[in-house]
Amino acid sequence: MAGGVKKPVNIFRLQDLGEPKEVFNWRLWFAVLSFGLLGAARGVDEGLISGAFNSKHFQGTIHYSSYTKVEQANIKANVSSMVQLGSVAGALIAFLICDRIGRIWATRQLCLLWVIGIAIFMGAQGNLSAMYAGRFIVGLGVGQTPVVGPVYIAEIAPASVRGLCTCIFTGFVYLGIVLAYFTNYGCQVNLGDTTAARWEVPTSLHVIFAVLIFSLSLFQYESPRYLIKQDQHDKAVQVMARLRNLSPEHDYVAQEINAITSSHREEMEATAGSGWVGVLKEAFTVPANLYRVCLTICAQILSQWSGAGSITLYAPDLFKILGITGTDRTLLVTAVFGIVKLTAAVVCALFLVDFIGRKRSLLIGITFQAVSMIYVAGFLTAVSELGTQEGYVLSPSQSALSKGAIAMIYISGFGWALGWNSMQYLLTAELFPLRIRAFCTSLAMSFHFANQYGNARAVPNMLLPLELGGISPKGTFWSFAIVTILGGVWVFFMVPETAGRSLESMDSLFSLPWYRIGRHGNRNADMDHLESPRVGEEKVITGKAVLDEVEKK
């Protein structure tokens, strides 16, 4: 298990990686599955809320028709985005909870918050204030999931398959979306649009997943890296041995534990007695760490404003703008959209992220997105009446172009799942040293949800015609296209390839000058490690770098 870059990984031939065959065992995959399910929290909410909100019964409970068009847009934005607002706070507190009570108990408490919030939302009986409060509390729980899940998975997975394991989290995001879309569609067809069950049954998926994840956490053990951070070395060895299906005395386990222990000891010696001030100082005053912080924050901003997240959240409304008519048909097309994204996530996890690398997968996904957004924006420019004129009917020639635009929405979803949505979690979870990992992941995910909240609040108003204060559908998609292209340029120059590196070896990559990291990071970093060391022999420079930089400051 080398510290540097490895050859491409064929997930169907894991026995050829040079790792003990016992490493890839059912305990590892069960742990990854249990924490990967946390991804469904976001997926379920994003897939459910727009379809549930469009239910006539739900709209009747809040007297939706009594409001003006602008007020309706604001109410829809508030109900949809309140989870994202709560998630900002949830992501910010996640690192405190993770580092104070551990990854396992953090999972259990977020599940409780999740269920309490949904109970308040479903029992609000049309009271908008109670609905907002319930969804905000849901956000406090859901906002912790992209911190707790990817961090735990990254900390227990062998470096050779860490990309695959973390992408399983992303896969469950889309599984949640697909289940939500099809549940909405099934309830619409079988229960009608005028009963409470039409939106309450789909919403109950939240409770089902929360209870399932809480139950699975009872069968899992704390992360060995967290245990070492808590000075529980013997227990860390036992858990690592269990996860690797090897004896505690096995060389592989000893090497892995020694690498983690050495790295953490160096960090602690460099920042002894400094507490949370030391964490902040280490994150923001050490250039190598500051680059990583900026990298993950920029990734969250560019990914969220590329438009694909908004399409997921408001898919039924956007398909309606593009010419899909009828509630049943809109929900079915939306459900197929979820399947496309789930398929892309699986392809990325199995064949790309550990085979061609993170950066190439991300650039391929962004290319799909950019082409799609430009086409849809061009179509809406050519047929500007869509979304601005009520009841506009497409001509035969425009209908053909409309089908192309719908296909492009599918392609954009494929690209999003292949690129930004898989990489934003993986890069955030694997870049940082152990001492600041939970804090920096929380910080990055707070930006993720802050931008998602802004996006969810802005898009319903952006889609409004110019005379009502919006920028129209065409303006909205041109904005998405520009941000997507800018994101691709930024990734090309600034994001390094990290596939195959152990978590403890990232420092050699980010110790390079900032202008060399993105384009030549892995190659140049490996020149300092001509012979890739084994675990336990890795060159651990975290503490030294931190000490030198703190002394300079």
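The rules behind the values
Residues numbered from 1 in each chain as written. Predicted model: local features only at pLDDT ≥ 70, side-chain atom pairs only at ≥ 80, totals over all residues. Heavy atoms only, no water. Helix = DSSP H or I, 4+ residues; strand = E, 2+ residues; numbered from the N terminus. Buried < 20%, exposed > 50% of the residue type's maximum accessible area, 1.4 Å probe, protein only. Contact = heavy atoms within 4.5 Å. Phe/Tyr/Trp six-rings, centres within 6.5 Å; stacked < 30°, edge-to-face > 60°. Lys NZ or Arg CZ within 6 Å of the ring centre and 35° of its normal. Core = buried A, V, L, I, M, F, W, Y, C linked by side-chain atoms within 4.5 Å. Patch = residues over 30% accessible without salt bridge, like charges linked within 9 Å, V, L, I, M, F, W, Y side chains within 5 Å. Areas by Shrake-Rupley, 256 points an atom, 1.4 Å probe, with all protein chains shown as cover. Salt bridge = Lys/Arg side-chain N within 4 Å of Asp/Glu carboxyl O. Expected span 1.5 Å × (residues − 1). Axes fitted to C-alpha atoms, helices over the stretch in contact; angles between N-to-C directions. Parallel < 35°, antiparallel > 145°, perpendicular 65-115°, else oblique. Nonpolar A, V, L, I, M, F, W, Y, C, P; charged D, E, K, R; others polar. Left-handed = near helix turned anticlockwise from the far one by under 90°.

Digging into the environment of phenylalanine 284
Then step 1. Along the chain, the position of phenylalanine 284 falls in helix α13 (residues 275-285).
Then step 2. The partly exposed category is assigned to phenylalanine 284, whose relative accessible area is 36%.
Then step 3. Along the chain, phenylalanine 284 and cysteine 294 lie ten residues apart, while their C-alpha atoms are 9.6 Å from each other.
Then step 4. Once residues within four sequence positions are removed from consideration, phenylalanine 284 is found in contact with Leu290, Val293, Phe439 and Leu443.

Looking at the packing of aromatic side chains
Then step 1. What the rule picks out here adds up to 15 aromatic pairs.
Then step 2. Here phenylalanine 58 and tryptophan 199 contribute two aromatic rings whose centre-to-centre distance is 5.0 Å and whose plane-to-plane angle is 80 degrees, an arrangement assigned as edge-to-face. Of this pair, phenylalanine 58 sits in helix α3 (residues 56-61) while tryptophan 199 sits in helix α8 (residues 197-203); the two residues are 141 residues apart in sequence, bridging distant segments of the chain. Grouping residues by exposure puts phenylalanine 58 and tryptophan 199 together as buried.
Then step 3. Residues tyrosine 291 and phenylalanine 510 carry aromatic rings whose centres are separated by 6.0 Å and whose planes lie at 50 degrees to one another, so their mutual orientation is tilted. With tyrosine 291 in helix α14 (residues 287-304) and phenylalanine 510 in helix α23 (residues 506-510), the pair connects residues that are 219 residues apart, well separated along the chain.
Then step 4. Look at tyrosine 291 and you get buried, because its relative accessible area is 12%.
Then step 5. An aromatic cluster of three or more residues is present, and its members are Phe53, Phe58, Tyr64, Phe121 and Trp199.
Then step 6. Over the ring of tryptophan 105 we find arginine 108; its NZ or CZ atom is 4.6 Å from the centre of that ring.

Comments concerning the nonpolar core
Nonpolar side chains tend to gather and get buried jointly when the protein is soluble and globular.
Then step 1. In terms of nonpolar packing, the biggest core is built from 147 residues, with Trp114, Phe319, Trp420, Phe477 and Phe510 touching the most fellow members.
Then step 2. Of the residues forming this core, the biggest block, 17 residues, is contributed by helix α4 (residues 69-122).
Then step 3. With residues near it in sequence (within four places) discarded, tryptophan 114 still touches Ala41, Val138, Val142, His206, Phe209, Ala210 and Ile213.

Quick look at a nonpolar patch on the surface
Then step 1. Side chains of Ile374, Trp478, Ile485, Val489, Phe492 and Phe493 sit close together on the surface and give an oily, nonpolar patch of about 530 Å² of accessible area.
Then step 2. In this fold, tryptophan 478 is placed in helix α22 (residues 472-494).

Section: helix α7 (residues 162-191)
Then step 1. In this model α7 runs 43 Å from its N-terminal to its C-terminal C-alpha over 30 residues, within 8% of the 44 Å that 1.5 Å per residue would give.
Then step 2. Looking at the residues trailing α7, positive phi occurs at glycine 192, about 80 degrees.

Side note on the packing of helix α1 (residues 26-36) against helix α11 (residues 233-244)
Then step 1. In contact at an axis separation of 6 Å, α1 and α11 are set at 100 degrees when each is read in the N-to-C sense. By the angle between their directions, the pair α1 and α11 is classed as roughly perpendicular. Residues Arg27, Leu28 and Ala31 of α1 form the contact with α11, whose participating residues are Arg242, Leu243 and Arg244.
Then step 2. Tallied by class, the residues present in the contact of α1 with α11 amount to three nonpolar, no polar and three charged.

Overview of the pattern of salt bridges
Oppositely charged side chains are able to pair whenever their charged atoms sit close together.
Then step 1. By the definition in use, this model includes seven salt bridges.
Then step 2. Across the pair aspartate 99 and lysine 229 runs a salt bridge whose closest N-O atoms are separated by 3.1 Å. In this pair, aspartate 99 is assigned in helix α4 and lysine 229 in helix α10 (residues 224-229), connecting sequence segments 130 residues apart. Residue aspartate 99 shares its accessibility class with lysine 229, and that shared class is buried.
Then step 3. Through salt bridges with shared partners, a single ionic network connects Asp99, Arg103, Glu155, Lys229 and Arg437.

Some words on unusual backbone geometry
Then step 1. Even without being glycine, histidine 63 reaches a positive phi, approximately 55 degrees.
Then step 2. Judged by its relative accessible area of 54%, histidine 63 falls in the exposed class.

Focus: the packing of α1 against helix α6 (residues 145-156)
Then step 1. It is at 9 Å that the axes of α1 and α6 come closest, and there the two elements cross at 165 degrees. Taken together, α1 and α6 sit at an angle that is classed as roughly antiparallel. When the axes of α1 and α6 are compared, the crossing they make is left-handed. Touching Leu28, Ala31, Val32, Phe35 and Gly36 of α1 are Val148, Gly149, Tyr152, Ile153 and Ile156, all from α6.
Then step 2. Along the lines of polarity and charge, the residues of the contact of α1 with α6 split into eight nonpolar, two polar and no charged.

A closer look at the environment of glutamine 369
Then step 1. With respect to the secondary-structure elements, glutamine 369 resides in helix α18 (residues 358-382).
Then step 2. Considering only alpha carbons, one finds glutamine 369 and tryptophan 420, 51 residues apart in sequence, at a separation of 9.7 Å.

Notes on the side chain of serine 402
Then step 1. Note that serine 402 resides in helix α19 (residues 396-418).
Then step 2. The exposure class assigned to serine 402 is buried, which follows from its relative accessible area of 5%.
Then step 3. Setting aside residues up to four positions removed in sequence, serine 402 forms contacts with Leu322, Gly323, Phe379 and Leu394.

A short note on the environment of isoleucine 213
Then step 1. Tracing the sequence through the fold places isoleucine 213 in helix α9 (residues 205-217).
Then step 2. Residues isoleucine 213 and phenylalanine 35 lie 178 residues apart in sequence; the distance between their C-alpha atoms is 7.6 Å.
Then step 3. Setting aside chain neighbours within four positions, we find isoleucine 213 in contact with Ser34, Leu37, Leu38, Thr107, Cys111 and Trp114.

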